[in-house]
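Report on the structure
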Amino acid sequence: MKITVRMDDITPDMDWKSFDAFCALFEKYGIRPLLGIVPANADPKLQIGMPDPLFYEKMKSLQAKGYVLAMHGCHHVYATQKGGVFPLNAQSEFAGRPEEEQRKLLTKGKALLEEQGIQTGIFMAPGHTFDRTTVKILRELGFSHITDGFGKAPYVRDGMTYLPIAFLRRLCFSDKEGITTIVIHANHSTKQELENYEEMFRQNRERFVPYAAFLEQKAVRQSVPARALEYMMALGKQWAARAKRRMEWI
């Protein structure tokens, strides 16, 4: 299995120490990830430090080195308790909201990135949650890819190409054919976590490919049974996460 990396929650006020540490690992092991930029971050959990005035220059510099950029929602603020068509979580910035509200957010996010000289056709939903209305508007705005879903290759559904993430990370390291993505979050990485990632990259260097390689893969149309199975797998992960949190509270 070939593996790509995506990093969520990229903002001017993110945890730069954590982000820079990951970038050092990416450089050391030749990894070129997907970075999900929040155009207008209003999520207090992502507001770690003072905004870097050179943020967008740094992003464009990384893009020139082969990093791929995506639009990660708009404000990264959850407004509903809906899981949408890929219910890994029971909250969303988009799923369940009226069409005009979603269009306003998505149009704003795209415009803000373009004002900073960033063009992207890839969408990354906060919490992995969105609905068919979200997809419809994304198509209208010129987006072509969504980084989400499960599978071992890109697939097409409702006129959009999906770039799947790993259902279970350990399954990425099998010898089966295919390509998938592991998800990393930019903030609050510990020394132990960084050491674990370095060991993963070192031991599996030959498996990791640039995220751009995902975009070059031929996409196949997703069947109705595959869509139903993906939905149940995502919902199952949501329920498992809820059960784990309840056990931790006891």
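Remember, predicted model here, so these are calculated numbers, not experimental data. (Residues numbered from 1 in each chain as written. Predicted model: local features only at pLDDT ≥ 70, side-chain atom pairs only at ≥ 80, totals over all residues. Heavy atoms only, no water.)

1. Notes on helix 7 (residues 224-249)
Between the first and last C-alpha of helix 7 there are 38 Å, a value that for 26 residues agrees with the 38 Å anticipated at 1.5 Å per step. Within helix 7, the full set of buried residues consists of Glu 230, Ala 234, Leu 235 and Gln 238. A side-chain oxygen of the first residue of helix 7 lies 3.2 Å from the backbone nitrogen of Ala 226; this N-cap is Ser 223. (Helix = DSSP H or I, 4+ residues; strand = E, 2+ residues; numbered from the N terminus. Expected span 1.5 Å × (residues − 1). Buried < 20%, exposed > 50% of the residue type's maximum accessible area, 1.4 Å probe, protein only. Polar contact = N/O pair within 3.5 Å; in protein donor to acceptor, adjacent residues only side chain to side chain.)

2. Focus: the side chain of Thr 161
Looking at the secondary structure, you find Thr 161 in strand 7 (residues 160-162). The exposure class of Thr 161 is buried, given its relative accessible area of 16%.

3. Things to note about the sheet that holds strand 8 (residues 179-185)
Spatially, 8-1-2-3-4-5-7-6-9 is the arrangement adopted by the nine strands of the open sheet, whose pairing is mixed. Pairing within the sheet leaves two strands with one partner each, and these edge strands are strand 8 and strand 9 (220-221). Sheet analysis places strand 6 (residues 155-157) next to strand 9, joined by two bridges and oriented parallel. Counted as the bridge partner of Val 156 is Arg 221 from strand 9. Lying over the sheet, helix 3 (residues 99-115) contacts strand 2 (34-37), strand 3 (68-72) and strand 4 (122-124), oriented at roughly 145° with respect to strand 3. Each of strand 4, strand 5 (145-146) and strand 7 touches helix 4 (residues 132-140); the most contacted strand, strand 7, lies at about 115° to it. (Pairing = 2+ DSSP bridges. Contact = heavy atoms within 4.5 Å. Axes fitted to C-alpha atoms, helices over the stretch in contact; angles between N-to-C directions.)

4. Describing the nonpolar core
By size, the foremost hydrophobic cluster in this structure holds 55 residues, and its most contacted members are Ile 10, Phe 19, Met 59 and Phe 201. Per-element accounting of this core gives the leading share, six residues, to helix 1 (residues 16-28). Other than its neighbours up to four places away in sequence, Met 59 contacts Ile 10, Trp 16, Phe 19, Leu 35, Ile 37, Leu 69 and Ile 118. Core analysis: the second largest hydrophobic core is formed by 11 residues, Leu 163, Ile 179, Ala 213 and Phe 214 among them. (Core = buried A, V, L, I, M, F, W, Y, C linked by side-chain atoms within 4.5 Å.)

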